[in-house]
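Structure at a glance
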Amino acid sequence: MFLGDIVSFKKQQKFRDEISLHPQWNRIYDEGHSYWNGALQDNRDRGNHAYFCPIGWKRHSLHVTDNFDGKFKGWCVCYHGTKFAYGLSILLSGLKSANAIEHGSGIYVSPSIIYVAHPRYSEIKRIESSDQEKFFKKGQYIQFVLQCRVHPDSIKTIAHETLDASKTTIDSNINNDVIEWVIGIKNNDIIDFNDPNAPIVCTGLMIRVTDNHPGLLAESQWWYESHLCNRGTDCCALGIDLEELKKQKEENKECNIIHA
Ligand SMILES: [Zn+2]
């Protein structure tokens, strides 16, 4: 019987129907590509929170509306980290209200991509060698983060980091005390991205590919002064043994971003 295969094939078809890309808005964020220092000043209204360059990431833009500028005038950019197993289902069915309620119930996002790139939020995956050649040139590790827009009135709480990182600077653009936003949602516990009245909408898939473990990047050094463990997808999804990573860090092993 091939019923299982047929079912999973149908599921794949459904995925392709429902995720719509918008490649003309794909961007590489880095020096020599799309790049700016400090808050972006481009006369676009992104609400009362600044938009900083997500250096080292590539955005795969999702098609959410034909009237992007009109729909999102005054909406802020934020990020939501996710584990690979959940990423697609989030894109398809929306963001689920968090069960871990440090700052109250709701959807947790951050204005800092550096913060959500911590492996507690965004799984790090080693790319197997056969896939490496096919899809990612010579990249060895990949992470992804959802880029979202939220209406500022929907941010019900702005709060401090929750990764025991109070002794370090996570992101030089954003203070540790305002690095978590909780998005309030009414009645239901899942936000449907296809709902035109949703307070938060996923507008892009941010992907970072590196030639070595991203824990060796300069912007990841705060991890070693925060919570960091070896528990895997239950907690910090490092994609490498923590002791091995620390050894490579001691040896000053390099890590470079790969822009495909
Ligand atoms: Zn952990």
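Whatever comes next refers back to the structure up there.
A brief structural summary. These numbers come from a predicted model, not from an experiment.

1. A closer look at the coordination of the zinc ion
Coordination of the zinc ion by the protein comes from His227 (NE2), Cys229 (SG), Cys235 (SG) and Cys236 (SG), over a distance range of 2.1 to 2.3 Å. Viewed at the metal, the four donor atoms of the zinc ion are separated by angles of 99 to 120°, and the geometry they form is tetrahedral. Binding-site remark: the zinc ion is held by donors from one chain whose sequence spacing is H-x1-C-x5-C-C. Looking at Cys236, the relative accessible area reads 1%, which means it is buried.

2. Quick notes on helix 6 (residues 242-250)
Along helix 6, the residues that are buried comprise Leu242, Leu245 and Gln248. For helix 6, the angular spread of the buried residues around the axis is 120°, confining them to a single face. Turned more than 90 degrees from where helix 6 packs its buried face, Glu243 and Glu250 sit exposed. At the N-terminal end of helix 6, a side-chain oxygen is found 3.1 Å from the backbone nitrogen of Glu243, two or three residues along, and the residue is Asp241. Just beyond helix 6, the residue with positive phi is Asn252, at close to 55°.

3. Re the environment of Ile200
Take Ile200: it is sitting in strand 11 (residues 200-210). Owing to a relative accessible area of 0%, Ile200 belongs among the buried residues under this scheme. A C-alpha to C-alpha distance of 9.6 Å links Ile200 and Ile155, two positions 45 residues apart in sequence.

4. Looking at the environment of Gln41
Within the secondary structure, Gln41 is located in the loop between strand 1 (27-28) and strand 2 (58-61). Sequence separation of Gln41 and Phe52 is eleven residues, and the distance between their C-alpha atoms is 9.8 Å.

5. Considering unusual backbone geometry
Despite not being glycine, Asn43 shows a phi value in the positive range, around 65°. Classification of Asn43 by relative accessible area gives exposed; the value is 82%. For Asn252, which is not glycine, the phi dihedral falls at a positive 55°. By the element assignment, Asn252 lies in the loop between helix 6 and strand 12 (257-258). Using a relative accessible area of 67% as the deciding quantity, one classes Asn252 as exposed.

6. Quick notes on the packing of aromatic side chains
For the structure shown, the criterion picks out six aromatic pairs. With 4.8 Å between their ring centres and 50° between their planes, Phe68 and Phe72 make a pair best called tilted. Cluster of aromatic residues (ring-pair linked, three or more members): Tyr29, Trp36 and Tyr51. Lying across the ring of Tyr224, Lys249 places its NZ or CZ 4.6 Å from the centre.

7. Brief notes about the pairing of strand 7 (residues 141-150)
For strand 7, the buried fraction is high: ten of the ten residues fall into the buried class. Sheet topology note: the strand 3 (residues 76-81)/strand 7 ladder contains six bridges and is antiparallel. In the sheet register, Cys78 faces strand 7, and the bridge partner there is Cys148. Strand direction decides the pairing type here: strand 6 (residues 125-126) and strand 7, joined by two bridges, are antiparallel. Counted as the bridge partner of Lys125 is Ile142 from strand 7. Bridge count for strand 7 against strand 11 is ten bridges, and the pairing is antiparallel. Paired with Cys148 across the bridge in strand 11 is Cys202.

8. Description of the pattern of salt bridges
On inspection of all chains with the given rule, the structure shows eight salt bridges. Between Asp69 and Arg44 there is a salt bridge, and its shortest N-O distance comes to 3.4 Å. Of the two residues, Asp69 sits in helix 2 (residues 68-71) while Arg44 sits in the loop between strand 1 and strand 2, which places them 25 residues apart along the sequence. Judged by its relative accessible area of 48%, Asp69 falls in the partly exposed class. Arg44 gets classed as partly exposed once you look at its relative accessible area, which sits at 42%. In this structure, Lys253 engages Glu251 in a salt bridge whose closest nitrogen and oxygen atoms are separated by 2.9 Å.

Calculation criteria
Residues numbered from 1 in each chain as written. Predicted model: local features only at pLDDT ≥ 70, side-chain atom pairs only at ≥ 80, totals over all residues. Heavy atoms only, no water. Donors = N, O, S within 2.8 Å, 3.2 Å for Na, K, Ca; no water. Tetrahedral: all angles 85-135°; square planar, octahedral: opposite > 155°, others 65-115°. Buried < 20%, exposed > 50% of the residue type's maximum accessible area, 1.4 Å probe, protein only. Helix = DSSP H or I, 4+ residues; strand = E, 2+ residues; numbered from the N terminus. Arc of directions from axis to C-beta. Polar contact = N/O pair within 3.5 Å; in protein donor to acceptor, adjacent residues only side chain to side chain. Phe/Tyr/Trp six-rings, centres within 6.5 Å; stacked < 30°, edge-to-face > 60°. Lys NZ or Arg CZ within 6 Å of the ring centre and 35° of its normal. Pairing = 2+ DSSP bridges. Salt bridge = Lys/Arg side-chain N within 4 Å of Asp/Glu carboxyl O.

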